[in-house]
Amino acid sequence: MIPLVDSPITRDGKALILAYDHGLEHGPVDFKPVPETMDPAQIFELGTHSAVTALAVQKGIAEGYYPSYEDDVNLLLKINGTSNMWMGEPDSAVNCSVDYANELGADAIGFTVYGGSNNEVEMVEEFRNAQEDARKHDMAVVMWSYPRGQGLKNDTSADTIAYASRLGLELGADLTKVKYPGSADAMQHVCDVAGDMGVVMSGGSKIGDRAFLELVENAMNAGAEGLAVGRNVFQRENPTGILDALEAVIFEEATAEEALTE
Ligand code: FBP
């Protein structure tokens, strides 16, 4: 495990990962609210904001756009992914090797594991290879730990999210990205079972400024290391404004109220 304070994708041990793999995972529909966001260059510009500790993208976006931003953005290369057109049991194709991610200049790799899926065994074996290869290159490892599939009725129950967080620790992630489990108490348990590994809250679909900042404040108070967020930033008309507020809550211990009035 890379100590969080030494991680290339944290600031003072905390993280704000800007996620932009939605074009693959959800399709261009996620860009409709702010059509300019279909242009990856717009998101790389946001990635230069001082709040952002890493930008998570897929290989093709990294190849095309990262060379112009390598001095200003930390690259988290998501090396597996699935489109929303896939109708089978949850699974995620490994579409980039760790060696190639390293060649592209990535500071970290991102990897989805669908615990509970019929494909869990294969996904975890793929994660093993990726995690061990990342260690050879001193790259940080971020697990998108999203339990879903077959008999899992509620992939956001508190116990399921705690299990998701623990999977990251057991399998060797440095940071694990989980959905918010519904309450601050449940989030605290999610962070407690993660030991020294970092936990980042997944942003989710877009909600209002106050509601979103309060969720982030709760997660930070519960012991999370930060946030991995896509739509709640890039679907806003003023993404820089919300990044300013997130910077205050995540790195400066401001309350949501303080961040809103700054
Ligand atoms: P959001 O903050 O927009 O929810 O993005 C986080 C993320 O994990 C993305 O990296 C990914 O594209 C998406 O959510 C996957 O969400 P789901 O699999 O739940 O549809």
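Here the structure is a predicted model, which is why all the values come from computation and not from measurement.

## Side note on the overall build of the chain
Thought 1: Secondary structure assignment for the chain yields 11 helices and 10 strands.
Thought 2: Scaling as 2.2 N^0.38, a compact globule of 262 residues should have a C-alpha radius of gyration of about 18 Å, and the chain matches this with 17 Å.
Thought 3: For the chain, the proportion of its 262 residues judged to be buried stands at 50%.
Thought 4: A sequence separation of at least 24 residues applies to 71% of the contacts in the chain between residues at least 6 apart.

## Examining the packing of helix 6 (residues 158-171) against helix 7 (residues 184-192)
Thought 1: Two numbers describe how helix 6 lies on helix 7: the axes approach to 8 Å, and their chain directions differ by 25°. As far as their axial angle goes, helix 7 and helix 6 are roughly parallel. Crossing hand, helix 6 versus helix 7: right-handed. Of the residues in helix 7, those in contact with Ala158, Ile161, Ala162 and Ser165 of helix 6 are Ala186, His189 and Val190.
Thought 2: Looking at the contact of helix 6 with helix 7 residue by residue, the classes come out as five nonpolar, two polar and no charged.

## Topic: the pairing of strand 6 (residues 108-113)
On any regular strand, side chains alternate: one points to one face of the sheet, the next to the other face.
Thought 1: When you tally the buried positions in strand 6, you get six out of six residues, the bulk of the element.
Thought 2: Burial along strand 6 is two-sided: the face carrying Ala108, Gly110 and Thr112 and the face carrying Ile109, Phe111 and Val113 are both buried.
Thought 3: Sheet topology places strand 3 (residues 75-78) next to strand 6; three bridges connect them, and they run parallel. The residue of strand 6 that forms the bridge with Leu77 is Ile109.

## With respect to the site of the ligand
Thought 1: Around the ligand, the surrounding shell holds 14 residues, and the nearest of these are Ala19, Glu25, Gly203, Gly230 and Arg231.
Thought 2: Looking at the shell around the ligand, the elements with two or more residues in it are helix 1 (22-25), strand 10 (226-229) and helix 9 (231-234).
Thought 3: A per-class count over the shell around the ligand returns five nonpolar, six polar and three charged.

## Comments concerning the sheet that holds strand 7 (residues 140-145)
Thought 1: On the basis of which strands lie adjacent, the closed barrel formed by eight strands has the order 1-2-3-6-7-8-9-10 and parallel pairing. Strand-to-strand twist of the sheet, defined as the mean angle between neighbouring strand axes without regard to direction, takes the value 25°.
Thought 2: In this structure, strand 1 (residues 15-19) lies alongside strand 2 (residues 54-57), joined through three bridges in parallel fashion. From the neighbouring strand, Ile17 faces strand 2, where its bridge partner is Ala54.
Thought 3: Each of strand 6 and strand 7 touches helix 5 (residues 120-136); the most contacted strand, strand 6, lies at about 170° to it.

## As for helix 8 (residues 209-221)
Thought 1: Taking 1.5 Å per residue as the helical rise, helix 8 with its 13 residues ought to reach 18 Å, and the 18 Å between its terminal C-alpha atoms agrees with that figure.
Thought 2: Regarding helix 8, the residues found buried are Phe212, Leu213, Leu215, Val216, Glu217, Ala219 and Met220.
Thought 3: Looking at the buried positions of helix 8, the neighbouring elements they touch are helix 7, strand 9 (198-202), strand 10, helix 9, helix 10 (239-251) and helix 11 (256-261).

## Quick notes on the environment of Ser145
Thought 1: For Ser145, the position within the fold is in strand 7.
Thought 2: Distance from Ser145 to Gly172, taken between C-alpha atoms, is 12 Å for residues 27 residues apart in sequence.
Thought 3: Residues contacting Ser145, with those up to four places away along its chain left out, are Val113, Gly115, Ala164, Ser165, Leu167, Gly168, Thr176, Lys177 and Val178.

## Quick notes on the environment of Gly81
Thought 1: The topology assignment puts Gly81 in strand 4 (residues 80-81).
Thought 2: Residue classification places Gly81 among the buried positions, given that 20 C-beta atoms sit within 10 Å.
Thought 3: Separated by 14 residues in sequence, Gly81 and Asn95 have C-alpha atoms that sit 7.2 Å apart.
Thought 4: In this structure, Gly81 is in contact with Asp21, Leu24, Glu25, Gln58, Ser92, Ala93, Asn95 and Thr112, ignoring residues within four places of it in sequence.

## Quick look at helix 2 (residues 40-47)
Thought 1: Among the residues of helix 2, those classed as buried are Pro40, Ile43, Phe44 and Gly47. Down the axis of helix 2, the sector holding all buried residues measures 105°, keeping them to one side.
Thought 2: Where helix 2 is buried, its residues touch strand 1, strand 2, helix 3 (59-65) and helix 9.

## Quick word on the nonpolar core
Thought 1: Core analysis: the biggest nonpolar cluster contains 85 residues, and Leu55, Leu76, Ile109, Val216 and Val249 have the highest contact counts within it.
Thought 2: When residues of this core are assigned to their parent elements, the largest contribution, seven residues, is made by helix 10.
Thought 3: In contact with Leu55, other than residues within four places in its own chain, are Leu18, Tyr20, Phe44, Gly47, Val73, Asn74, Leu75 and Leu76.

Reading the values: rules and limits
Residues numbered from 1 in each chain as written. Predicted model: local features only at pLDDT ≥ 70, side-chain atom pairs only at ≥ 80, totals over all residues. Helix = DSSP H or I, 4+ residues; strand = E, 2+ residues; numbered from the N terminus. Rg over C-alpha atoms; globule rule 2.2 N^0.38 Å. Buried ≥ 20, exposed ≤ 12 C-beta atoms within 10 Å, placed from the backbone. Contact = placed C-beta atoms within 7 Å. Axes fitted to C-alpha atoms, helices over the stretch in contact; angles between N-to-C directions. Parallel < 35°, antiparallel > 145°, perpendicular 65-115°, else oblique. Left-handed = near helix turned anticlockwise from the far one by under 90°. Nonpolar A, V, L, I, M, F, W, Y, C, P; charged D, E, K, R; others polar. Pairing = 2+ DSSP bridges. Near = placed C-beta within 6 Å. Expected span 1.5 Å × (residues − 1). Arc of directions from axis to C-beta. Core = buried A, V, L, I, M, F, W, Y, C linked by C-beta atoms within 7 Å.

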